[in-house]
Amino acid sequence: MILSSFFAALGQIGDPRFRRVLLLGFALTVALLVAATSGFVWLIGYLTADSVTLPWFGEITWLDDIISWGSFFLFFVLSVFLMMPVASAITSMFLDEVAQAVEDRHFPHLPPADNVPFGDALVDTVNFLGVLIGANLLALVLYLMFAPFAPLIFWGLNGFLLGREYFTLVAIRRVGRVQAKALRRAHIGTIWLAGTLMAIPLSVPLVNLLIPIIGAATFTHLYHRLTAAPATDRTNSYR
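Below or above, wherever it landed, is the structure these notes cover. (Residues numbered from 1 in each chain as written. Predicted model: local features only at pLDDT ≥ 70, side-chain atom pairs only at ≥ 80, totals over all residues. Heavy atoms only, no water.)

1. Quick notes on the packing of helix α7 (residues 188-199) against helix α8 (residues 207-227)
Contact pair α7 / α8: the axes reach a minimum separation of 10 Å and the direction vectors enclose 155°. Classified by the angle between their axes, α7 and α8 sit roughly antiparallel to one another. In the crossing of α7 with α8, the sense of the turn from one axis to the other is right-handed. Of the residues in α8, those in contact with T190, I191, A194, G195 and M198 of α7 are I211, G215, F219, L222 and L226. Residues that form the contact of α7 with α8 fall into these classes: seven nonpolar, three polar and no charged. (Axes fitted to C-alpha atoms, helices over the stretch in contact; angles between N-to-C directions. Helix = DSSP H or I, 4+ residues; strand = E, 2+ residues; numbered from the N terminus. Parallel < 35°, antiparallel > 145°, perpendicular 65-115°, else oblique. Left-handed = near helix turned anticlockwise from the far one by under 90°. Contact = heavy atoms within 4.5 Å. Nonpolar A, V, L, I, M, F, W, Y, C, P; charged D, E, K, R; others polar.)

Structure follows, in structure tokens:
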């Protein structure tokens, strides 16, 4: 079921709506990381004195420049690491478009899905982004402690988080938030495994930018296969 959903999603990768979400998500991700980097460097420069006086060396005026450039490169490295969770979270704001493209092509018999209000989608995105970044930063400790198992920890953690979030967002469109959470609990093993399939290529540059799109499409297929998605699926409205 998981593999068939995944390959069905890959088969639609050329859909114009997929490309639109990919480009939009990439542009917003880069803009957010650039803004965050600029703000971080400015804050470090603001908090750093223009000059310091050291014994035997006297007044030093270039220390703040070193700190500013050092903070820039530090945040740049962190930005590469954070690209995946930021892109995944931002793309989740536009998941409706990907899910609708999948349903239009593969499930044309379904009635229109309920649109998720933008405010709710934004709150979900911010919460998801916070959880992803926080969990991955905390996992750095585990990566150092259990270095040989770092890839497995990364895949398992992000697979759980991505699967949990994307399945819920897909299901909400059809059965509402309460029922979506109930379905997620009932199928948590399958959802985690499918999320891990998403997480495995996340460490591959550029490919990882496609993963949120493929993931959204995969979980749309998976939701309908797990629930058999009858035509009367919309018994619960979005709430």
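Don't stop here, the text continues.
2. Quick notes on the pattern of salt bridges
The final tally for this structure, using the stated rule, is six salt bridges. Of the charged contacts, one joins D96 and R173 as a salt bridge, the two residues approaching to 3.1 Å between their closest N and O atoms. Of the two residues, D96 sits in helix α4 (residues 95-106) while R173 sits in helix α6 (residues 150-186), which places them 77 residues apart along the sequence. Salt bridges sharing common partners tie together D96, E103, R173 and R174. (Salt bridge = Lys/Arg side-chain N within 4 Å of Asp/Glu carboxyl O.)

3. What to know about the nonpolar core
Residues Y166, F167 and F219 are the most contacted members of the largest nonpolar core, which totals 47 residues. Those elements giving two or more residues to this core turn out to be α1 (2-10), α2 (16-47), α4, α5 (118-145), α6, α7 and α8. In terms of residues, this core owes the most to one element, α6, which gives 13 residues. (Core = buried A, V, L, I, M, F, W, Y, C linked by side-chain atoms within 4.5 Å. Buried < 20%, exposed > 50% of the residue type's maximum accessible area, 1.4 Å probe, protein only.)

4. Regarding the packing of aromatic side chains
On inspection of all chains with the given rule, the structure shows four aromatic pairs. Ring centres 5.5 Å apart and planes at 65° place the aromatic pair F6 and F7 in the edge-to-face group. (Phe/Tyr/Trp six-rings, centres within 6.5 Å; stacked < 30°, edge-to-face > 60°.)

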